Amino acid sequence: MKDNLKYMIKNWLKWDKKSLVYFFIRVPALVLQPIVTAYIPKAMIDAINQGVTTERLIVIIGLLSLLLTFTIWMDPFMQELVRGGARIVRMRYAVLAFEKNLKTDYVNIENLEQREIQKRAEDFYNGRWSGGANFIDRLNQFFVAVVGVITSGALIYKVNIFMILLIIATCIAQFFILKHLAKKQRQNLTDVAGHNNRFNYFYKLCKDSGASKDIRIYSMSDYFIKALASTLYQIEKTYSKYTHQCIAFDGITALLNLVREVIAYAYLVYLVTTGRLTVSDFVFYFGIITGFSNWVSGLVFSFNQIEISCNECRAYRDYIESEDVADKGAELTSKNVDTIEFKNVSYKYPSADEPTLKNINLKFKNGENIAIVGENGAGKTTLIKLLCGLYSAENGEILLNGTDVNTISKSSYFDLFAPIFQDYYFLPMTVQQNITASLDYDKDKLYSAFEKAGIADKINSLPQKENTLMDREVYKDAVDFSGGEKQKLLLAKAIYKDAPVLILDEPTAALDPIAENELYLKYNELTQGKLSFFISHRLSSTRFCDRILFMKDGQITESGTHGELMALKGAYYKMYQLQSYYYQEQRAAVNE
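Only a predicted model underlies this, so the values are computations on that prediction, with no experimental measurement involved.

Chemist: Describe the nonpolar core, naming the residues involved and giving the relevant values.
Modeler: Ranked by size, the top nonpolar core spans 41 residues in total, and within it V431, F450, I459, L489 and Y572 carry the most contacts. With seven residues, the top contributor of residues to this core is helix 16 (residues 483-497). Sequence-distant contacts of L489, defined by excluding residues within four places in its chain, comprise F426, V431, I435, F450, I455, I459, M470 and F481. Of all hydrophobic cores here, the second largest spans 35 residues; its members include L362, I384, A393 and I398.

And the structure:
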């Protein structure tokens, strides 16, 4: 707890030091309120007993009321200024988490367990009442309670020190009960994190335009409703359990308060009836004891809240400060790619029982055009993700020009690759920004990429040309490109980057036969001077490649040119024969 407390205080003072002034101004404002409130009736009774004039009584009451009004006004004013600083701090925590999300190892994004860790970290900053946002206010309440306890305790000490001990004893009991409740709450938050992930997944999917087609046509709405209802039931069950625990705590707290106040007030009555305390002092100490009891309870509660913030901070730091492979390695001084070699490389997904890739040994040279083919699930995409650094080899080595890629920084290594993946996304920005990933760009180079990708005519037909906005879910005036046009834009993006390694993962999946044939004709031009990888289930594409790797069950089972593999009459030959009729129809469509 101590380490996380120091971490949050350090960040607060670094990011918003001015709110420290409001923090300390609020302390006396809050402490004075119950004391002045308790003193006003005492002052009135004493003034009346002393026979002061009406005018003097009005002045006394007026000044005390003005002081009370000022403290009441200062409290919410300073509180809002403190919370304004807290919002700044929360946003800074959110930015750090956002940066971590973008830079964390790619495997963490796909892993369910890691996503749940990320979700627990999100609880620290995502929301007005989260630990990261509410910490400053909780710390302020703690300081107020400390000063209130000291001030009220000094006043009560004049009556009876055992009164203080009684109040403290009952509040210590509350502290341990509240601590037990906080432990239960942490467990509940852990339990509910997985349920919330499932709920968010189903909720997001039911609004997804792609998934909604299948949901409607295949009448899957009932399944979704049942899945959501089941998840909501588990979430509600967890929160209900915590609610019952809170009710039990509130009942015990109420009982302790009753015992404490009955004893305290009975003792005050005893002092008055025996003449050891005046009526005005009775009224004053009645209010002070109530205030002292509230301060001690507030101290216990605010300490518990700070502890909750510290626990949330620990989950946040576990994620933010976790070491990624991306954090390691030296920067590349050259973008030359002479060779990339896989040596005894195996890879198993965290949730899998068996490795997806098994003992891969391959060597690729600059200028080679490599085709990777095979049935779905053979390991083609996993091989490519290892190649371009999204995954790290579990066993074996991947060498770039003879150097282990694990010794190279990820950001530097990524610069070597221009991939077009089968699953792609365009950001809600202009076409130019999506292609160049920059505000400063080379327009001639951009339009050259459009020409090579076969999308220049479409771009020139748009009123805003390359400055056309994309993503209609964000911008109403955005252009909705077709699947084939998006594929060409992705190709233009890869061409513009001009990296030494080009990766095309099913690049013709959304293209018609004519557009696909055009891409094949341009393939040699696009890959000139580069090491290129062409992943496809359409074996007709392999005729453009120098070497074909046929994958099955996570291994390279056949390797050679198209002619060599056809002569071998193995798995590649059989798959090609099965697809041959489809290829003939495509050629006929192109020739018509």
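Chemist: Tell me about the pattern of salt bridges, and please be specific about residues and values.
Modeler: For the structure shown, the criterion picks out 15 salt bridges. Notably, a salt bridge pairs D137 with R26, separated by 3.0 Å at the nearest N-O pair. Taken as a pair, D137 in helix 6 (residues 131-156) and R26 in helix 2 (residues 19-49) lie far apart in primary sequence, 111 residues in all. With respect to class, D137 is no different from R26; both count as buried. Notably, a salt bridge pairs K42 with D281, separated by 2.6 Å at the nearest N-O pair. In this pair, K42 is assigned in helix 2 and D281 in helix 10 (residues 279-320), connecting sequence segments 239 residues apart.

Chemist: Mind laying out the sheet that holds strand 6 (residues 417-420), listing which residues take part and the relevant values?
Modeler: In space, the six strands of this open sheet follow the order 6-7-8-3-9-10, with mixed pairing throughout. Pairing within the sheet leaves two strands with one partner each, and these edge strands are strand 6 and strand 10 (555-560). Neighbour-to-neighbour, the strand axes of this sheet turn through a mean angle of 15°, independent of strand direction. When strand 7 (residues 501-505) meets strand 8 (residues 531-535), the two strands line up parallel, connected through five bridges. From the neighbouring strand, D505 faces strand 8, where its bridge partner is I535. Each of strand 3 (369-374), strand 6, strand 7, strand 8 and strand 9 (547-552) touches helix 11 (residues 380-387); the most contacted strand, strand 3, lies at about 145° to it. Running at roughly 175° to strand 6, helix 16 makes contact with strand 6 and strand 7 of the sheet.

Chemist: Before we move on, could you go through the environment of F292 and cite the residues and values that matter?
Modeler: Its place among the elements puts F292 in helix 10. If near-sequence neighbours (up to four positions away) are discounted, F292 is found in contact with V149, S152, G153, I156, I164, I167 and I168.

Chemist: How would you sum up the packing of aromatic side chains? Please name residues and give values.
Modeler: Taken as a whole and judged by the stated rule, the model has 25 aromatic pairs. When the centroid spacing of 5.1 Å and the interplanar angle of 80° are considered together, the rings of F23 and F24 count as edge-to-face. Ring centres of Y93 and F124 lie 4.8 Å apart, and the angle between their planes is 65°; this geometry places the pair in the edge-to-face category. With a gap of 31 residues between them, Y93 in helix 3 (residues 54-103) and F124 in the loop between helix 5 (112-122) and helix 6 connect regions that are remote in the sequence. Classification of F124 by relative accessible area gives buried; the value is 0%. One aromatic cluster is present, built from ring pairs that chain together Y7, W15, Y93, F124, Y125 and Y316. Residue placement shows R317 over the ring face of Y7; its charged tip is 4.1 Å from the ring centre. The side chain of K445 reaches across the aromatic face of Y496, ending 4.8 Å from its centre.

What counts and what doesn't
- Residues numbered from 1 in each chain as written.
- Predicted model: local features only at pLDDT ≥ 70, side-chain atom pairs only at ≥ 80, totals over all residues.
- Heavy atoms only, no water.
- Core = buried A, V, L, I, M, F, W, Y, C linked by side-chain atoms within 4.5 Å.
- Buried < 20%, exposed > 50% of the residue type's maximum accessible area, 1.4 Å probe, protein only.
- Helix = DSSP H or I, 4+ residues; strand = E, 2+ residues; numbered from the N terminus.
- Contact = heavy atoms within 4.5 Å.
- Salt bridge = Lys/Arg side-chain N within 4 Å of Asp/Glu carboxyl O.
- Pairing = 2+ DSSP bridges.
- Axes fitted to C-alpha atoms, helices over the stretch in contact; angles between N-to-C directions.
- Phe/Tyr/Trp six-rings, centres within 6.5 Å; stacked < 30°, edge-to-face > 60°.
- Lys NZ or Arg CZ within 6 Å of the ring centre and 35° of its normal.

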